[in-house]
Structure formats: C-alpha cells, structure tokens
Amino acid sequence: MKLLIKQGRILDPATGTDGIYDMLIEDGKIKEVSENVRSTADATVNAAGCFVMPGFIDLHVHLREPGLTHKETIMTGQRAAARGGFTTICAMPNTKPVIDNPDRASFVHNKARHTGKVRVYQIGAVTQGQAGEKLSDIEGMVRAGVPAISEDGKSVMNAGLYEEAMKIAAALGIPVFAHCEDITMVKGGVINADKKANELCLPGITNAVEDVIVARDILLAKSTGVKLHLCHCSTRDSVQMVRQAKEAGIPVTAEVCPHHFTLTSGDIPGYDSNYKMNPPLRSREDVDALIEGLADGTLDVIATDHAPHAENEKSKSMLKAPFGIVGLETAAALTYSELVDKGFLTPLQMAEKMSYQPARVLNIERGTLAEGSTADLVIFDPEAEYTIDAERFESKGKNTPFHGRKVKGRVVYTVIEGEIVYSLEDEVSI
Ligand SMILES: NC(=O)N[C@@H](CC(=O)O)C(=O)O
Ligand SMILES: [Zn+2]
Ligand SMILES: [Zn+2]
C-alpha cells in the first residue's frame, strides 16, 4: 500500500523541516520526503495549501471506560481523536473502577486495539482506587505498557506517599502526570475566585489552590529526580514556577489546555456549566502568562483534558454539574486560531506542542515526519473557516463552551500507519 501526499507544507519539529514537499508513504512508513516524488501510488492526496504535521498526541484524555460509558467509550473517544487529528492519546485512570492494576490497564489496551486505529496508552493511578491511601501496583502497570502514572481528577494530598510513588516512577523511568489542586483549599468553589464569581454568587477557586501544589510537586521532583509533567496549568504563578524549575535543571514539563488560553472567566456568559471545568477559566493576566509561556518554551505541551459528561449531568446547576469539557475535536482549530493565526506561535511550534513534545514526554518513537518513521500524521487546512458544531462531534460528550464559535483551521485527513482513518471529505459528503 502506497500513499502519496503532494505539495503539502511539511512541518517536522524533530528535524526543523518547514517547506513544501511531496511525501511518499509505503507499508505504514514515511519512505521519501522530497520536492517531487516520481513514484506512483495506490492513493494520492493533494495537500497544496495545507500543513502536514506529525499526528497529534494528546497526553490528557478521559475515555470513561470502564464504567462510565454513558459519557464516552474507548471507541467513541478514538473516533473523536481521529476527527481532531490525534493519532495517539493517553487515557486518564479515573474510571469506574479506577485503573490501578496491570489487568485493568491491559483491558483498555486490548480493547482499544479492536475498537480503532488511534493508539491508546492507559495512564495508571498513583494510589489504589485513587483513594490516596495505598500505592497501586506501579511496577506491574509499567510491565503492562503504562507509560506514566497520574492521580488526575485530584492530587495525592499525602506528600509522603506521593514522594514514595515518585521514587518508584523515577526508578522505572516513567513520568508522573500531576493534577495540582489542594483540595483542602477548594471549599466548594466552582469557577475562578474573582468578579465573575461575585456577580454570579458562586463560590470561587483561587489561584493558590493550584499554585501551592505546583510548588510542592516541583520540590518533590527536585528531591526524587522523577520526571514531573504538570497537567492543565492555568495560573501565571504556575508558569513562573515552571520557568524557574527549568532554569534550575529540575526535570519538569508542563501542558496547557486550549480552553485555558482561549477563554477568561470574563467570558462565562452566566449559569452555563459548559464553562465549568477544573482548573477553572482564569483571568486575563493568567491567560497572557500561559500564552507567553507557550511561546518562550516554558510550557511544552498542548493537551485537551477531554472530559466528556452526559447532557443530564451537565444540565444540573453550576454548583452540582460535574467539572470538565470535551476537547479532542476543537483543540487544533483553537490552537491555530488563537495562537498561530494571531502570531504567538509559528506553525512549527504548533506541531511541536501538539506532537513532538508529547512524544518526548511519553518517550515514544512518534512526533516526527523524518524518512523511515511511522506514518502517523495530520493534514490540516489553515485557511478553512467554519463554525464549531457540537452536534457533529464523534464524542458522546457535547459539553463544550465552543459550540457556535467561528474558528480557522481544520483537520482534513488523519493518517495512522499510512492508513487514512479520518477524512473531512467523507464527513461532509454524508
Ligand atoms: N478537568 C475536569 O474538569 N474534569 C476531569 C478531571 C480532571 O482532569 O481533573 C474529569 O474527569 O471530568
Ligand atoms: Zn485534572
Ligand atoms: Zn483530566
């Protein structure tokens, strides 16, 4: 099987390539990248005017299987991923039951191999049942192919226990993905603690809720030597602490979600739980710091924190609705519209934050378009303008604040191991 991609703008952060080339894919591998590939192929895609980037890798997805399949399944999550240009995704362990042992991790890995082409890596929980009391079988899960551990949904509040987990992770060579939230400081908060919270008479979440745990976890990374990856950074002080930690040589990486660099708490239109997520939408100063951090390399990764919930859950009051919004099918367009089109990031940096750097965090051979590498890639039209329509999502979750938003930049093809797994053409012709 040969696939020829003609005249796309090849963006490969691994090699620094940014130019118009043809690409020949054969047997799932990138065979040739050159100005004019002469070989014939079984299929040809005209990519003129489009970016060709390594397939996006999402370090932060909630697939909700096992146990919460009314919100999402592995299969619907994979379909949403493919539609969003993602070829590899990491599933967080806060399912029912929690993924805290090798058998449960293998269940997800095995099932995902049958339900779709998008590669799914299960992240293992740090503690049994995410109860924060006893460590899970970290070594066993790593043997089952888990690339990282995380307690996402909450922090491990017991620093002594977390330190033990970090030592184990460090010895096994895997990173810890940290959700930073001091639960004792949340006090029922649902949106950022500011003017908007006062206006809506809602309890607020301060920046300090995140910042104190970011500080703690960076210090724990320093003392244990573990690779610390900070999930969904949302505050200016998080950015500053990551910057200082990197300067000090502490092994820390950090991710930002598209909603956190696109919206501020001021954009919350009223009592709409599609604007309720954890961490919450922050202030303009925070958003500016996140964008600056992405641009100067302090923040390495763009991840979605895709958190699908059912309609009847999200339609509860602001106080009662669960935290979280979907993100797989809006991330690329928001990143392009808000960061690249506005001049904060170059197209090459977009590919870096959405593919190359996540691959480095996971330590997998992906995130590049170099000759000889696996042909996981996305063809993206930066000029396409359209309106986000949640009804068209492949995800079961329609919980997004971006429904009806006009954006620029659209995934036109997603290719995994040389096979087209999503094509916009097929979608619009249905
Ligand atoms: N981000 C959220 O608001 N919700 C996530 C949990 C999490 O990522 O912390 C979820 O699982 O729904
Ligand atoms: Zn989280
Ligand atoms: Zn999450």
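Coordinates for the structure precede this section.
Now for a description of the structure that goes with this document. Remember, it's a predicted structure, so these values are computed and weren't measured experimentally.

**Comments concerning the overall build of the protein**
Consideration 1: For the protein, the helix and strand inventory stands at 13 helices and 18 strands.
Consideration 2: Over its C-alpha trace the protein gives a radius of gyration of 21 Å, about what one expects of a compact globule, namely 22 Å for 430 residues.
Consideration 3: Considered along the principal axes of its C-alpha atoms, the protein spans approximately 65 × 45 × 45 Å.
Consideration 4: Accessible surface, the protein as shown: approximately 16,300 Å² in total, 48% of it carbon and sulfur.
Consideration 5: Here the protein carries 46 positive and 59 negative side-chain charges, and the mean point of each set is 3 Å from the other.

**Some points on the coordination of the zinc ion (ligand 2)**
Consideration 1: Coordination of the zinc ion (ligand 2) by the protein is provided by Asp152 (OD), His179 (ND1) and His232 (NE2), with metal-donor distances spanning 2.0 to 2.1 Å.
Consideration 2: In the primary structure, the donors to the zinc ion (ligand 2) are separated according to the pattern D-x26-H-x52-H.
Consideration 3: Between the zinc ion (ligand 2) and the zinc ion (ligand 3), the interatomic distance is 3.6 Å, and Asp152 donates to each metal, bridging them. Of the two residues, Asp152 sits in the loop between β9 (149-150) and α4 (159-172) while His179 sits in the loop between β10 (176-178) and β11 (191-192), which places them 27 residues apart along the sequence. With respect to burial, Asp152 and His179 carry one shared label: buried.

**Some remarks on the sheet that holds strand β15 (residues 301-302)**
Consideration 1: Judged by pairing direction, the sheet is parallel, and its five strands sit side by side in the order β9-β10-β13-β14-β15 without closing on themselves. Two strands in the sheet have a free side with no partner beyond their single neighbour: β9 and β15.
Consideration 2: Bridge count for strand β14 (residues 252-256) against β15 is two bridges, and the pairing is parallel. Bridge pairing links Val256 to Ile302 in β15.

**Looking at the nonpolar core**
Consideration 1: Counting 93 residues, the largest nonpolar core has Ile5, Leu230 and Ile379 as the members making the most contacts within it.
Consideration 2: With residues up to four places along the chain from it excluded, the contact list for Ile5 reads Tyr21, Asp22, Met23, Ile25, Val45, Ala47, Val52, Leu377 and Ile379.
Consideration 3: Within the second largest apolar cluster, 21 residues are counted, among which are Leu200, Leu281, Val326 and Phe393.

**Here we look at the coordination of the zinc ion (ligand 3)**
Consideration 1: Looking at the metal site, the zinc ion (ligand 3) is ligated by His60 (NE2), His62 (NE2), Asp152 (OD) and Asp305 (OD), spaced 2.0 to 2.3 Å from it.
Consideration 2: Among the residues examined, His60 registers a relative accessible area of 0% and is labelled buried.
Consideration 3: According to the relative accessible area criterion, Asp305 is buried, its value standing at 8%.

**Here's the deal with the environment of Glu311**
Consideration 1: Locating Glu311 in the fold gives a position in helix α10 (residues 311-314).
Consideration 2: We classify Glu311 as exposed; its relative accessible area is 63%.
Consideration 3: In this structure, the C-alpha to C-alpha distance between Glu311 and Lys71, residues 240 residues apart in sequence, is 8.8 Å.

**Observations concerning helix α12 (residues 347-362)**
Consideration 1: Across its 16 residues, α12 extends 22 Å between first and last C-alpha, which sits within 8% of the 22 Å expected from 1.5 Å per residue.
Consideration 2: Taking the largest bend as the criterion, α12 deviates by roughly 45 degrees, centred on Lys353.
Consideration 3: Burial analysis of α12 places twelve of its 16 residues in the buried class, the great majority of the element.
Consideration 4: Looking one or two places after α12, you find Asn363, whose phi comes out positive at around 60 degrees.

**With respect to helix α9 (residues 284-296)**
Consideration 1: Here α9 contains 13 residues, and its C-alpha end-to-end distance of 18 Å stays within 8% of the 18 Å for a straight helix at 1.5 Å per residue.
Consideration 2: Phi turns positive, to about 90 degrees, at Gly297, one or two residues after α9.

**Here's the deal with the pairing of strand β7 (residues 86-91)**
Consideration 1: Among the six residues in β7, six count as buried, and that is most of the element.
Consideration 2: By the bridge criterion, four bridges tie strand β6 (residues 56-61) to β7 in an arrangement that is parallel. Following the sheet pairing, Phe56 is matched in β7 by Phe86.
Consideration 3: What joins β6 to β7 is helix α1 (residues 74-83), and the crossover it makes is right-handed.
Consideration 4: Note that β7 and strand β8 (residues 119-122) share four bridges and pair parallel. When the sheet's bridge partners are listed, Thr88 is paired in β8 with Arg119.

Scoring rules and cut-offs
- Residues numbered from 1 in each chain as written.
- Chains lettered and ligands numbered in written order.
- Predicted model: local features only at pLDDT ≥ 70, side-chain atom pairs only at ≥ 80, totals over all residues.
- Heavy atoms only, no water.
- Helix = DSSP H or I, 4+ residues; strand = E, 2+ residues; numbered from the N terminus.
- Rg over C-alpha atoms; globule rule 2.2 N^0.38 Å.
- Areas by Shrake-Rupley, 256 points an atom, 1.4 Å probe, with all protein chains shown as cover.
- Lys, Arg positive; Asp, Glu negative; His and termini not counted.
- Charge placed at Lys NZ, Arg CZ, Asp CG, Glu CD.
- Donors = N, O, S within 2.8 Å, 3.2 Å for Na, K, Ca; no water.
- Buried < 20%, exposed > 50% of the residue type's maximum accessible area, 1.4 Å probe, protein only.
- Pairing = 2+ DSSP bridges.
- Core = buried A, V, L, I, M, F, W, Y, C linked by side-chain atoms within 4.5 Å.
- Contact = heavy atoms within 4.5 Å.
- Expected span 1.5 Å × (residues − 1).
- Bend = angle between axes of the 7 residues up to and from the residue.
- Right-handed = clockwise from strand over helix to strand, strands pointing away.

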